[in-house]
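What follows is the residue order along each chain.
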Amino acid sequence: MKIKIGLLGLGTVGTGVYKLITSRGGHIRESTGVYPEIKKILVKNLNKPRKVKVEGLLTQNAEEILKDKEIKIIIEAIGGISPAYEYVKEALSSGKHVITANKELIAKHGEELNEIAEKNKAFLKCEASVGGAIPILHQIDRLKITDEIDFVGGIINGTTNYILTKMTTEGRSYKEALKEAQQLGYAEANPDYDVKGFDALYKLAILMRKVFNINVPVNSITRKGIDEITTQDLNYINKWGYKIKLFAWGKKVKDGIFAGVEPVLVEENNILSRINDVNNAIILRGDSFGEYVFVGKGAGELPTGDAVVADLIDILLNYNIKDNKRINFLPIRQGSFTDTFYIRLETHKENILGLKKVLKFLKEQKVSIVESSYENGTFTAIVKMKKSVETFTEKLEKITEIKTIFKVLQEDITEEVSKFEDFVEVI
Ligand code: NAP
Ligand code: HSE
């Protein structure tokens, strides 16, 4: 038996999907009894050179695919909201199954699209939207049947991890590393989505919806990207034996969710410090399984194509674990997960008063200084707080001489998370 597929988009992801479906079709038939065949491919520009042979398959007219009754499965790899949203909605409404890699679409409209899918007895699958090749959504579906999962977090953007790795280990400039990430097909069409933390934010919203059964408005989560990290900061961070990573995290407590996306310092003995290049690492904590760390390639043609084809196989096997019923809205709260901070402040040599002011403040706050340096008017330090972490950061942010504040994750995420509630202060 054959099943016809309509592919929307033939960029990085679409090409990976095309390569895998055409080269592994026989294996897919052996395992599922169904041979997948791509009948049409939607693109924007018909004259663009392609990496795969697709004569006769390309179209610029979406209706040729969406209205084709023979096509039973749509794979969406266009990206962005419009027209992807309209296409996915139309496909699901007519009972076609949809697989998408589009995290922005699922983070913002996943709830509505899921309802349409359910109403029309269609599958809506989005494994490739989070963690690239890592089969994380599939695993969460299974794990949450037996466990209460209260923490999900980690490194979930390949582009930023690639940039930070290359800047740290090979001395590349930010611009050079970003350009490479774009050439390798890791970055979003607008790379601001990566470097300013939006991509990680969308993925975190999808993960939290899956793990906690809540619908999380994306604008309720605090977000900070990597675009303001300076070489000066990187030098100190390296010198003191830390790595910097874009960290996304969600933690459920009794009456709310703490969540955020931000660059953090990690010590060398923390597993996240060894997650380099395009790799992602996603940590889950459950009351029975304890802790899992899932590691794999977070972006790129074949890794992402692989996640899409895994969804295709699930559909062919009719494998679908139903989502639990959504629980009532839980507020997103502001909080911290650490008592240790990296700060850098700049004072002109003659403005010694500014430096004195900050040192006096740190003394009043009873912080202990773990590392520090004073060079050419720049005071840089890693400081450890005793309590009142959020009040501390709020106050720090108001001191104009302070140019950088990063949180520091300590040795072991499990230990930190168990200390978490001690340090949380609700605003
Ligand atoms: P891409 O390389 O920019 O490819 C986009 C494709 O969509 C292109 O083939 C383009 O056509 C087509 N397209 C764009 N706008 C269109 C429109 N209005 N009508 C018809 N076709 C249109 O993007 P990508 O990197 O493959 O990413 C696609 C999606 O997958 C995004 O949601 C992204 O976040 C997600 N994703 C990407 C990766 C990754 O590693 N890149 C990993 C996981 C998820 P032309 O080729 O003619 O320009
Ligand atoms: N731009 C995304 C990243 C693609 O770099 O992680 C994978 O979702």
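Refer to the structure printed above.
Now for a quick tour of the structure. What you see as residue numbers is a count from 1 along each chain, following the sequence as written. Going through the entries in the order they are written, you letter the chains from A and number the ligands from 1. In keeping with the model being predicted, local features are shown solely for residues with a pLDDT of at least 70 and side-chain atom pairs are shown and tallied solely at 80 or more, while totals for entire chains, interfaces and linings include all residues. For side-chain calculations, the full set of non-hydrogen atoms in the structure is used, while hydrogens and water are omitted.

1. Considering the site of ligand 1
Around ligand 1, the surrounding shell holds 24 residues, and the nearest of these are N45, K48, R50, E188 and G300. Polar contact criterion, stated in full: a pair of N or O atoms within 3.5 Å, where within protein one must be able to donate a hydrogen and the other to accept it, and residues adjacent in sequence count only if both atoms are side-chain atoms. At a separation of 3.0 Å, an oxygen atom of ligand 1 approaches a polar backbone atom of K44. Accessibility throughout is a Shrake-Rupley quantity obtained with a 1.4 Å probe, and a residue counts as covered only by protein chains that appear here. Protein contacts shield 84% of the accessible area of ligand 1, which totals 900 Å² for the unbound molecule. Any residue with a heavy atom lying within 4 Å of a molecule or strand is counted as near it.

2. Some words on the nonpolar core
We call a set of buried residues a nonpolar core when its members are Ala, Val, Leu, Ile, Met, Phe, Trp, Tyr or Cys and they connect through side-chain atoms within 4.5 Å of each other. Each residue gets one of three labels from its accessible area relative to the maximum for its type: buried under 20%, exposed over 50%, partly exposed in between, using a 1.4 Å probe on protein chains only. Residues L92, I136, L207, M208, L265, L284 and Y342 are the most contacted members of the largest nonpolar core, which totals 75 residues. The element that contributes the greatest number of residues to this core is helix 9 (residues 198-212), accounting for 10 residues. Residues are treated as being in contact if the distance between any of their heavy atoms lies within 4.5 Å. The residues contacting L207, other than those within four sequence positions of it, are V130, I136, L137, I140, V152, I156 and I282. Helix numbering and strand numbering both begin at the N terminus, where a helix is a DSSP run of H or I of at least 4 residues and a strand a DSSP run of E of at least 2.

3. A word on the sheet that holds strand 5 (residues 97-100)
Being paired, for any two strands, means DSSP has found at least two bridges between them. Spatially, 3-2-1-4-5-6 is the arrangement adopted by the 6 strands of the open sheet, whose pairing is parallel. On the outer flanks of this sheet lie strand 3 (58-59) and strand 6 (124-125), each paired with one strand and no other. Note that strand 1 (residues 2-8) and strand 2 (residues 35-42) share 7 bridges and pair parallel. Looking at the pairing, K2 lines up with Y35 of strand 2. The sheet contacts of helix 11 (residues 301-316) involve strand 1, strand 2, strand 4 (71-76), strand 5 and strand 6, and relative to strand 5 the element is tilted by about 160°. Here the axes come from fitting lines to C-alpha atoms, over the contacting stretch only for helices, and the angles between their N-to-C directions go from 0 to 180 degrees.

4. Some remarks on the pattern of salt bridges
Think of a salt bridge as a Lys or Arg side-chain nitrogen and an Asp or Glu carboxyl oxygen that are within 4 Å of each other. This model, assessed by the stated rule, comprises 29 salt bridges. Two residues, K103 and D199, come together in a salt bridge whose shortest N-O distance is 2.9 Å. Of this pair, K103 sits in helix 4 (residues 103-119) while D199 sits in helix 9, and the two are 96 residues apart along the sequence. According to the relative accessible area criterion, K103 is buried, its value standing at 11%.

5. Thoughts on the pairing of strand 15 (residues 368-375)
Each regular strand displays side chains that alternate between the two surfaces of the sheet. The sheet contact formed by strand 15 and strand 16 (residues 378-384) spans 7 bridges and is antiparallel. Opposite Y374, over in strand 16, you have F379 as the bridge partner. A loop of 2 residues connects strand 15 with strand 16, the two strands running antiparallel in sequence, and N376 in this loop sits at a positive phi of about 45°.

6. Section: the site of ligand 2
In the vicinity of ligand 2, the contacting residues are K103, N157, G158, T159, Y186, A187, E188, D194, D199, K203, G298 and A299. Between an oxygen atom of ligand 2 and a side-chain N or O atom of N157, the distance comes to 3.4 Å. Here ligand 2 loses 94% of its free accessible area of 250 Å² to cover by the protein chains. Of all the secondary structure elements, the ones that give two or more residues to the shell around ligand 2 are helix 6 (158-169) and helix 9. Residues are sorted three ways: Asp, Glu, Lys and Arg are charged, Ala, Val, Leu, Ile, Met, Phe, Trp, Tyr, Cys and Pro are nonpolar, and all the rest, Gly among them, are polar. Its residues placed into classes, the shell around ligand 2 shows 3 nonpolar, 4 polar and 5 charged.

7. Let's talk about the packing of aromatic side chains
Two rings from Phe, Tyr or Trp (for Trp, the six-membered ring) form a pair when their centres are within 6.5 Å of each other. A pair whose planes differ by under 30 degrees is stacked, one over 60 is edge-to-face, and the rest are tilted. Following the criterion strictly, the structure yields 8 aromatic pairs and no others. With a centroid separation of 5.3 Å and an interplanar angle of 35°, the aromatic rings of Y236 and W240 are classed as tilted. Note on Y236: relative accessible area 6%, which makes it buried. When the centroid spacing of 5.4 Å and the interplanar angle of 40° are considered together, the rings of Y292 and F294 count as tilted.

8. Some thoughts on unusual backbone geometry
Glycine aside, residues mostly have negative phi, and peptide bonds are mostly found in the trans state. For the bond from S82 to P83, the omega torsion is 10°, close enough to zero to count as cis. Residue position: P83 is located in the loop between strand 4 and helix 3 (84-93). The residue K121 is not glycine, and still its phi comes out positive at about 55°. Tracing the chain through its elements places K121 in the loop between helix 4 and strand 6.

9. Things to note about a nonpolar patch on the surface
A cluster of nonpolar side chains, I271, V293 and V295, forms an exposed patch at the surface whose accessible area comes to about 200 Å². Along the chain, I271 falls in the loop between strand 10 (256-267) and strand 11 (279-286). Without a salt bridge and with relative accessible area above 30%, a residue can belong to a patch; like charges are then joined within 9 Å and nonpolar side chains (Val, Leu, Ile, Met, Phe, Trp, Tyr) within 5 Å.

10. Looking at helix 4
Maximum bend of helix 4: about 80°, positioned at H109. Packing partners of the buried residues in helix 4 comprise strand 4, helix 3, strand 5, strand 6, helix 8 (192-195) and helix 9. The opening residue of helix 4 is N102, an N-cap whose side-chain oxygen sits 3.3 Å from the backbone nitrogen of E104. Following helix 4 by one or two positions, K121 adopts a phi angle in the positive range, close to 55°. A residue's bend is the angle separating two fitted axes: one through the seven residues that end there, the other through the seven that start there.

11. A short note on the side chain of T304
Positionally, T304 belongs in helix 11. Exposure remark for T304: the relative accessible area of 7% places this residue in the buried category. There is a polar contact of 2.6 Å between the side chain of T304 and the backbone oxygen of G300. Each residue touching T304, except ones within four places of it in the same chain, is listed here: V13, A128 and A299.

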